[in-house]
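Structural overview for review
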Amino acid sequence: MAAVVVAGSAWLLAASPYPRPTSGDPAIPTRVPAVFPSSWRFPAGAHATFAQHAIVASNNRLAAEVGAEVMKQGGNAVDAAVATGFALAVTFPEAGNLGGGGYMVIRMADGRTDALDYREVAPLAATRDMYIGADGKVNGESTIGPKASGVPGAVAGMIEAHRKYGVLPISKVLAPAIRLASEGFIVDPTLSASLAAEKYRIGGFAGKALFFPNDAPPAAGSRLVQPQLAVTLKLIADSGSRVFYRGSIADSIAAEMQRSGGLITKEDLARYRPIWRRPIRSVYRGYTLISMPPSSSGGITITEMLNILEAYGPTRPFGSAERIHALASASQRAFIDRNSKLGDPAFVKVPLATLTSKEYARGIAKTISRDHADATTRLASGLREGNETTHYSVVDGSGNAVATTTTLNDLYGSGVFVRGAGFFLNDEMDDFTSRPGIPNMFGLIQGAANAIAPGKRMLSAMSPTIVLDPKGNLLLVTGARGGPRIISATSQIILDVIDHRMSLADAMSAPRIHHQSLPDSIGVERGGVEPSVMARLTQMGHHVYELAGIASAASIMRVKGGYEGVDDPRSHGGAVGF
Ligand code: DON
């Protein structure tokens, strides 16, 4: 038998291949110790941050501290999420933002659920072929510079979430972000290195003066003060999102666009609206998933993938070739649908009910062989072959939960920095299909459903997700950054917790795999798969390639007596609670 990585002895002992809960409280089943390949860089059995009452997990520790601080002042999970979001715009400028957009999935302790879509939209002047040059090739303007930006939704979204669910005054929610911008914060090695690596992107625009004084990024240990951003945040605290979309900040954005040749106008900004949507609710092995509907593809794709796996039936243990084959084949098929059928529901008819139905998944599961791979081109004749974001999870003392993912797309977005207002604009336009058959920056080959049109939201992979246990109690709050790999990381964390009974820390450390249909290959994390398993996958007909890392998540899990929070070991943030 090929060496397989076993997630614990319960795999071998239980009659069912899925370990049964053994603790007194069936809602919090005993975790099974994970075993990872010896070549894997993260040890199994790591510790999570425990909090009795309330907790925030984020890719940035300072922002997580802000969320916890706001809950200590009496704020609920939505106040904390909004405060964390504004703080991220200050302390984590590579991904936290005012000039981008995102999604928030909310589950209040009384059982209400909600999903806020504050994704960017294409400017009114955008056209389907705007990134195709005279030579017929994609011209690169969707990834850097002034034409790459969609109309930002972040400020409207965060203010709207607070309006509907927050309990603290917005001035209190924004106070920590204003303080961090005006008084500054100590730059950590991660921020200094990230700025240095992205100098080529930032250096061509107005953020150069702030982030590269004397031509170098602020050193770790120095203080970064952002006076313009502090004024912008204060204006938002005083006048709400109106000042951003119709007032002086809108003037600054429109002026920046005019100076540099971008498309966003004051009319675009005035028209922007966040949208409350009904979350996608699905059930996997008795656990309920509450996730993000379109304009994100996250909820549908995760639901379809998990439904396919459920119908496919039990597989071999974690890390085995059979398990990876099943995961990859389910993912490949769900991504075929994602890449060809999903888009902004205001512009295309999304077959949501079909794609999330168990019956549909049963049909697809039958197409997966037990021992060989199928070519994407055979499964999807219509498809031709041709990172930056941040997630945070919050639970408050009443059990309200919020999963939020927000992004500028690339690190520091388009690089364009709004003079007079102090923030970066996104390069989210690259998430559209610039040209069918041609991969975007994540190698995604997408179809006409996600073509550019004025006022349209570009399809996203962001997957903020809340999981309830079979009794309907909150179990998990999760989500990730990492483009399409967000979907893989989020679904595998959920599977590691439900199928493999891993602790949250192990589920976050566990090696991940990725298959997005095209390229027709399985991406595996370096050192995360046993050589014998790699050989078996290749024998099955899979093309396997190594990746340095697959996404970066931030999750919270309910445990006995409270919650555990874990920022991804692939990231440098933390979880903070009390
Ligand atoms: O919305 C999306 O799917 C992408 N713009 C997310 C980009 C991302 O996660 C980059 N971060 N590493």
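Please read all numbers here as calculations on a predicted model, not as lab measurements.

**What to know about the packing of helix α3 (residues 77–91) against helix α4 (residues 154–165)**
Working note: a packed helix pair is described by the angle between its axes plus the distance between those axes. The interhelical angle for the contact between α3 and α4, taken along N-to-C directions, is 160°, at an axis separation of 9 Å. The orientation of α3 relative to α4 falls into the category roughly antiparallel. With respect to the hand of their crossing, α3 and α4 are arranged in left-handed fashion. In contact with Val 78, Asp 79, Val 82, Gly 85 and Phe 86 of α3, α4 contributes Met 158, Ile 159, Ala 161, His 162 and Tyr 165. Grouping the amino acids of the contact of α3 with α4 by side-chain chemistry returns seven nonpolar, two polar and one charged.

**Brief notes about the sheet that holds strand β22 (residues 574–577)**
Judged by pairing direction, the sheet is antiparallel, and its seven strands sit side by side in the order β7-β4-β3-β11-β10-β2-β22 without closing on themselves. One side of each edge strand has no neighbouring strand; the edge strands of this open sheet are β7 (275–277) and β22. Taking the axes of each pair of neighbouring strands and ignoring which way they run, one obtains an average angle of 15° across the sheet. Sheet topology places strand β2 (residues 55–58) next to strand β10 (residues 389–395); four bridges connect them, and they run antiparallel. What sits directly across from Ile 55, in β10, is Val 395.

**A few points about helix α14 (residues 321–341)**
The first and last C-alpha atoms of α14 sit 30 Å apart over 21 residues, in line with the 30 Å expected at 1.5 Å per residue. For α14, a buried count of 18 out of 21 residues is recorded, marking the element as mostly surrounded by other parts of the structure.

**Some remarks on the nonpolar core**
Here is a general trend for soluble globular proteins: nonpolar side chains tend to be buried in one another's company. Residues Leu 306, Val 395, Ile 466, Leu 474, Leu 476, Val 477 and Leu 537 are the most contacted members of the largest nonpolar core, which totals 83 residues. If sequence neighbours within four positions are ignored, Leu 537 has contacts with Ala 321, Ile 324, His 325, Ile 522, His 542 and Val 544. The next biggest cluster of nonpolar side chains, apart from the first, holds 81 residues, and it includes Met 104, Leu 116, Tyr 272 and Val 402.

**Let's talk about the site of the ligand**
Taken together, 16 residues surround the ligand, and among them Thr 389, Glu 428, Asp 431, Ser 460 and Gly 483 come closest. One of the side-chain N or O atoms of Asn 409 is found 2.7 Å from a nitrogen atom in the ligand. In the environment of the ligand, an oxygen atom lies 2.7 Å from a nitrogen or oxygen atom belonging to the backbone of Gly 483. Coverage of the ligand by the protein chains reaches 99% of its 340 Å² of free accessible surface. The residue makeup of the shell around the ligand, split by class, is four nonpolar, seven polar and five charged.

**Topic: the confidence of the model for the chain**
Taken residue by residue, the chain gives an average pLDDT of 94. The fraction at 70 or more is 94%. Looking over the chain, one finds the lowest element-wise mean pLDDT in helix α1 (residues 10–13), namely 28, and the highest in β7, namely 99.

**Some remarks on unusual backbone geometry**
With an omega dihedral of 25°, the bond running from Pro 294 to Ser 295 counts as a cis peptide bond. Counting through the fold element by element, Ser 295 comes out in the loop between β9 (287–291) and α13 (298–312). Cis geometry is found at the peptide bond from Leu 518 to Pro 519, where omega equals -5°.

**Thoughts on the sheet that holds strand β18 (residues 522–525)**
Ordered in space as β17-β18-β19, the three strands form an open sheet in which the pairing is mixed. The outermost strands of the open sheet, each flanked by one partner alone, are β17 (513–514) and β19 (544–547). Of the strand pairs in this sheet, β18 and β19 are connected by four bridges, and their pairing is parallel. Residue pairing in the sheet places Ile 522 in a bridge with Val 544 of β19. Against the sheet, helix α20 (residues 531–539) makes contact with β18 and β19, and its axis sits at roughly 140° relative to β19, the strand it touches most.

**Describing α4**
Side chains of residues three or four places apart in an α-helix project in the same direction, reflecting 3.6 residues per turn. Across its twelve residues, α4 extends 16 Å between first and last C-alpha, which sits within 8% of the 16 Å expected from 1.5 Å per residue. For α4, the buried fraction is high: ten of the twelve residues fall into the buried class. For α4, the full list of buried residues reads Ala 154, Val 155, Ala 156, Gly 157, Met 158, Ile 159, Glu 160, Ala 161, His 162 and Tyr 165.

**Thoughts on the packing of α14 against helix α18 (residues 485–498)**
In the contact formed by α14 and α18, the axes pass within 12 Å of each other and the chain directions differ by 135°. The orientation of α14 relative to α18 falls into the category oblique. Pair α14 / α18 crosses with right-handed handedness. Across the interface between the two elements, Arg 323, Leu 327, Phe 335 and Arg 338 of α14 pack against Ile 487, Gln 492 and Leu 495 of α18. When grouped by side-chain class, the residues that make up the contact of α14 with α18 number four nonpolar, one polar and two charged.

**Some points on the pairing of β9**
The buried fraction of β9 is high, at five of five residues. Of the two faces of β9, both are covered, the one formed by Tyr 287, Leu 289 and Ser 291 as well as the one formed by Thr 288 and Ile 290. Of the strand pairs in this sheet, strand β8 (residues 280–284) and β9 are connected by five bridges, and their pairing is antiparallel. Note on β9: the bridge partner recorded for Tyr 284 is Tyr 287. Once β8 ends, the chain turns through two residues before running back antiparallel as β9, passing Arg 285 with a positive phi of about 50°. Looking at chain direction, β9 and strand β14 (residues 465–468) are connected through four bridges and run antiparallel. Paired with Ile 290 across the strands is Ile 466, a residue of β14.

Parameters and conventions
- Residues numbered from 1 in each chain as written.
- Predicted model: local features only at pLDDT ≥ 70, side-chain atom pairs only at ≥ 80, totals over all residues.
- Heavy atoms only, no water.
- Axes fitted to C-alpha atoms, helices over the stretch in contact; angles between N-to-C directions.
- Helix = DSSP H or I, 4+ residues; strand = E, 2+ residues; numbered from the N terminus.
- Parallel < 35°, antiparallel > 145°, perpendicular 65-115°, else oblique.
- Left-handed = near helix turned anticlockwise from the far one by under 90°.
- Contact = heavy atoms within 4.5 Å.
- Nonpolar A, V, L, I, M, F, W, Y, C, P; charged D, E, K, R; others polar.
- Pairing = 2+ DSSP bridges.
- Expected span 1.5 Å × (residues − 1).
- Buried < 20%, exposed > 50% of the residue type's maximum accessible area, 1.4 Å probe, protein only.
- Core = buried A, V, L, I, M, F, W, Y, C linked by side-chain atoms within 4.5 Å.
- Near = heavy atom within 4 Å.
- Polar contact = N/O pair within 3.5 Å; in protein donor to acceptor, adjacent residues only side chain to side chain.
- Areas by Shrake-Rupley, 256 points an atom, 1.4 Å probe, with all protein chains shown as cover.
- pLDDT = per-residue confidence, 0-100.

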